[in-house]
Amino acid sequence: MNPALPEPAALPGLGHVWQWAAGPVALLSAGAHTGPVFRLRLWRPALVGYRPEWNRAILTDLDTFRSRGSLSGLTPYLSAGVVHADVPEHRARRYGLSRHFSAGALAGLDGRLREISEAHRPHGSFEALGWSCQLVQHMLNVALFGGAMPARLLARFVAPLHRSMPAPMLPRPWLFRRAETAIARVLEDPPPGSIAAHLAGHPDAVTDLRVALAAGYDTTSHILAWAAWHLAAHQRWRHPQALPMFVGEMLRLYPAGWLGSRVTSRPARAAGVAIPAGTLVLYSPFLTHRDPELWPCPLLIRPERFEAGHPPWAYLPFAAGPRACLGARLARLMLDAALASLCDGDLAQDGGDPGIAAGITLRPRGPLHLRLGGT
Ligand code: HEM
């Protein structure tokens with residue numbers, strides 16, 4: 001590991017392990033103050049960068065920067081399917097999936113997602129995280145399985161993703177077997193129009209659907225909760241045509257996928273830094289999106305900033321490159337549909353904590369109490 005690279009203050013004998021466990025976002029932010037690429041001494045040495053040239057290098061060269069051995073392998077929810085595959089297998093798996101998650105393939109889903117959102121529209125006081133989790137479970141069930149996955153089992157399968165560490169990391173073979181059995185049953189007679197219907201007959205369909213459910217759930221529901229909270233304080237963005245820009249700003253400020261990781265398969269260079277083979281390499285949409293050199297006044301909510309555009313590789317809520325988020329289009333559809341249901345009536349904040357907590361995904365510390373009155 002390059003000793004010339006800076007690192008945030010560490011504890012004697014412990015490196016950064018304790019700070020990582022206690023508050024990884026604070027540790028990353030401290031590291032970002034030391035330089036655009038810095039070292040962390042975790043259970044293994046890691047390099048972190050957040051400037052566009054770093055992001056581009058890490059996210060475009062799939063042969064050098066590999067998924068296997070990276071942090072996603074630490075949780076059973078993500079250590080399978082396309083997330084865990086490397087080139088050349090990744091290319092083939094991705095090719096088989098991408099067209100079923102494209103804008104064209106999902107076009108027919110928008111109306112159904114809006115109906116579901118209207119049916120879940122809160123009345124009076126509600127807590128945004130509870131609302132968003134229920135709604136996203138329902139929407140993902142319809143999009144992926146045509147609504148045919150048993151709702152209670154789906155809820156039980158995704159519940160550990162909300163809990164603090166190490167809950168999402170623990171193996172749950174019995175729960176996973178039950179979820180996969182239910183998915184296999186849906187695939188035997190998949191509801192027309194569902195993503196399951198398109199994947200039926202594909203040898204990896206059960207795993208790919210299980211991974212998509214996990215990857216799409218806490219990410220979307222956490223951002224939705226933050227977006228509902230801030231929409232209450234930014235009334236001028238509360239109409240359906242303005243929502244996509246507002247959502248874009250929420251994805252910038254609260255990128256649920258706050259940290260991505262790879263392992264180098266051979267010696268490499270990124271942003272001028274030499275990286276030995278076998279190094280844990282981290283990129284952080286959270287740091288990139290809050291870098292004042294890339295985003296003026298980064299902590300302010302200013303959706304209009306997107307009118308002026310932004311530097312390439314500086315906006316990564318769904319990562320970028322050949323393994324960018326498979327469900328980005330579906331996530332945007334769900335977020336727009338859900339928030340459109342909050343556009344009528346008076347929406348007001350009623351106390352809560354929108355601060356940041358970090359697990360596998362970024363989530364609000366919460367709770368986030370809101371009120372929706374009138375129509
Ligand atoms: C707002 C919601 C979402 C956010 C912020 C998000 C973010 C991300 C990010 C940052 C990555 C790249 C991770 C990496 O390789 O470093 C990713 C990958 C992925 N996402 Fe999402 N995601 C969201 C919703 C979804 C949804 C709804 C689905 C599917 C139903 C999904 C499925 C996937 C899959 C399968 C990958 C792996 C792609 C590959 O390795 O080729 N995501 N997501």
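The coordinates are above.
Since this is a predicted model, take the numbers as computed values, not measurements.

Rules and cut-offs
- Residues numbered from 1 in each chain as written.
- Predicted model: local features only at pLDDT ≥ 70, side-chain atom pairs only at ≥ 80, totals over all residues.
- Helix = DSSP H or I, 4+ residues; strand = E, 2+ residues; numbered from the N terminus.
- Rg over C-alpha atoms; globule rule 2.2 N^0.38 Å.
- Buried ≥ 20, exposed ≤ 12 C-beta atoms within 10 Å, placed from the backbone.
- Contact = placed C-beta atoms within 7 Å.
- Near = placed C-beta within 6 Å.
- Nonpolar A, V, L, I, M, F, W, Y, C, P; charged D, E, K, R; others polar.
- Pairing = 2+ DSSP bridges.

1. So, the overall build of the chain
- A tally of regular secondary structure across the chain gives 15 helices and 12 strands.
- A globule of 375 residues ought to have a C-alpha radius of gyration of about 21 Å, and the chain, at 20 Å, matches this closely.
- Along the first, second and third principal axes, the C-alpha set of the chain runs to 60 × 45 × 35 Å.
- Per-residue burial over the chain gives 44% buried out of 375 residues.
- The long-range fraction of contacts in the chain, counting pairs at least 24 apart against all pairs at least 6 apart in sequence, stands at 71%.

2. Points about the site of the ligand
- Around the ligand, the structure places 23 residues, and the nearest of them are Gly216, Gly257, Gly260, Cys325 and Gly327.
- Among the secondary structure elements, those contributing two or more residues to the shell around the ligand are helix 4 (81-84), helix 12 (205-233) and helix 15 (328-340).
- Take the shell around the ligand: its biggest share by element is seven residues, from helix 12.
- Considering only residue class, the shell around the ligand consists of 15 nonpolar, six polar and two charged.

3. Brief notes about the pairing of strand 5 (residues 260-264)
- Counting buried positions over the five residues of strand 5 gives five, a clear majority of the element.
- Alternating residues of strand 5 divide into Gly260, Arg262 and Thr264 and Ser261 and Val263, and every residue in both groups is buried.
- The pairing of strand 3 (residues 65-66) with strand 5 spans two bridges and is antiparallel. Bridge pairing links Phe65 to Thr264 in strand 5.
- Relative to strand 8 (residues 280-283), strand 5 runs antiparallel, the two being bridged by four bridges. Across the sheet, Arg262 pairs through a bridge with Val281, a residue of strand 8.

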